[in-house]
Amino acid sequence: MHEYGRAIEMFIQLQGNLRVSEMRRSHARTFREALQLVPKQRKGPLLKASLPELSEYGRTHPSLPKVSPGTVNKQLGAVQAIAGWGHHAGLVPEDVPWSDPFSEMRLEEEQSEREPFDARDLQTIFNAPLFTEHKLPIGAKGDAGTWLPLLALFAGARQAEYAGLRVSDIREDEETGIPLMWFTRDIKAGRRLKTKTSERVVPVHPQLAGLGFLDYVTEQRKQGERAWLFPTVAPDQKGALSAWSKWWGRYLRNHVGINDSNKVYHSFRHGFQDALRRTTPDEELRDALTGRSSSKSVGRTYGAKEMLRLLGCPNPQASSG
C-alpha cells in the first residue's frame, strides 16, 4: 500500500491528478525520465522533496548516484497497475480510445551480481552440523533452517515461494503418483509470487524424497491441509522470513566460512538454473521449472499435466491403452 501510494503521489506531483482516460505515453515517458534522475541517497530537505524537486536536484548534480533501474521499474509498474485496474473497472468511457501508456516502458535492469555456489561451497554448507547432525540454532527457526536450503538446491524456487507453501500444496499426481509442489498465489493469505509465470507445478526431486521431505510433509499434515508447511516463516508471521534470511547470511559468513557477499540464499537458485542449462537445451522446460518468462514462455503458466509432459513422465492411462 505504501509503495503504490508513494508511486501514485509522485506521478501526480509531476503530471497532475489526471483521469485514467487522460493518461498518455508522453506522461509515462516523462515520469520515467524524472524517476531516473532521483538521487539514490536522500537526506535533509530531500527526504520530503517532491518528484520534480528530486529530479531537478539530480539533474544539477550529475555525479550523484541515482536510483537503480529496478527501483524505477517498480514505481512505473505501480502506476501501471493502478491505471490498468481503473481501465478494467470502467473508469475509461467506452467511446474513449485508450491503451496502456506504460506498455514496454520499463528499463533494462542490470544483471544480478549474486553468484551461484560452486561445488566446494555446497560441500562445505551441507557438511555443517546443521545438516549432518540436525543442530538447529535459534535463528534457523526450526525445520525451516534445513529444508529451505535443501529445497532451493534441488528445485531452485525463491525463498518466499517456499515460505508460502501449505501442506495441501504438496500432493501426488493422481495418474502417475509423482509428488508435486504447487506454487500458487493467495493474496488474502499473504502468498505473493513475483510474476504471473511464477505460478507453476514442480515435481519433488527424488533426492528430497530420499532425505525425508515427504515424511516431513506427512508430519505437518497432522495439523490440517491448510496448515503452513513451514509455520515459523509463514506469511502470517510478520518479519519472520526477513529475520530468517538475515540469519542465513550470518550463518554462511560466521559458521560456514563463505565470505563472498555475492553468495547468498538466492545463489541456490542461480546454481539450479546453471545446472538446468547444462542438462537440457529446452528453454521452455527450464522456464517452467523456475517460474521465469522468456521469448518462448512469456505469460505462460504450467499445470501438472503439462509439466509432466515437458519432463517426459509416462502417462499410465496411455500405456495401458
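Everything below is about the structure shown above.
What counts and how
Residues numbered from 1 in each chain as written. Predicted model: local features only at pLDDT ≥ 70, side-chain atom pairs only at ≥ 80, totals over all residues. Heavy atoms only, no water. Helix = DSSP H or I, 4+ residues; strand = E, 2+ residues; numbered from the N terminus. Buried < 20%, exposed > 50% of the residue type's maximum accessible area, 1.4 Å probe, protein only. Contact = heavy atoms within 4.5 Å. Areas by Shrake-Rupley, 256 points an atom, 1.4 Å probe, with all protein chains shown as cover. Pairing = 2+ DSSP bridges. Axes fitted to C-alpha atoms, helices over the stretch in contact; angles between N-to-C directions.

**A word on the overall build of the protein**
Thinking step 1. What the protein contains, in helices and strands, is 15 helices and 3 strands.
Thinking step 2. The proportion of buried residues among the 321 residues of the protein is 41%.
Thinking step 3. Considering only intrachain contacts with a sequence separation of at least 6, the fraction spanning at least 24 residues in the protein is 63%.
Thinking step 4. Summed over all atoms, the accessible surface of the protein reaches about 18,400 Å², with 50% contributed by carbon and sulfur.

**Digging into the environment of Leu54**
Thinking step 1. With respect to the helices and strands, Leu54 occurs in helix H3 (residues 51–60).
Thinking step 2. Note on Leu54: relative accessible area 2%, which makes it buried.
Thinking step 3. For the pair formed by Leu54 and Pro39, sequence separation is 15 residues and the distance between their alpha carbons is 7.1 Å.

**Let's talk about the sheet that holds strand S2 (residues 179–183)**
Thinking step 1. In spatial order, the strands read S1-S2-S3; together these 3 strands make up an open sheet with antiparallel pairing. Unpaired on one side and paired on the other, strand S1 (170–172) and strand S3 (200–203) mark the two borders of the sheet. Direction aside, neighbouring strands of the sheet carry axes that sit 35 degrees apart on average.
Thinking step 2. Bridge count between S1 and S2: 3 bridges; the pairing is antiparallel. Across the sheet, residue Glu172 finds its bridge partner in S2, namely Pro179.

Take it as geometry only, folks, not as evidence of what the structure does.
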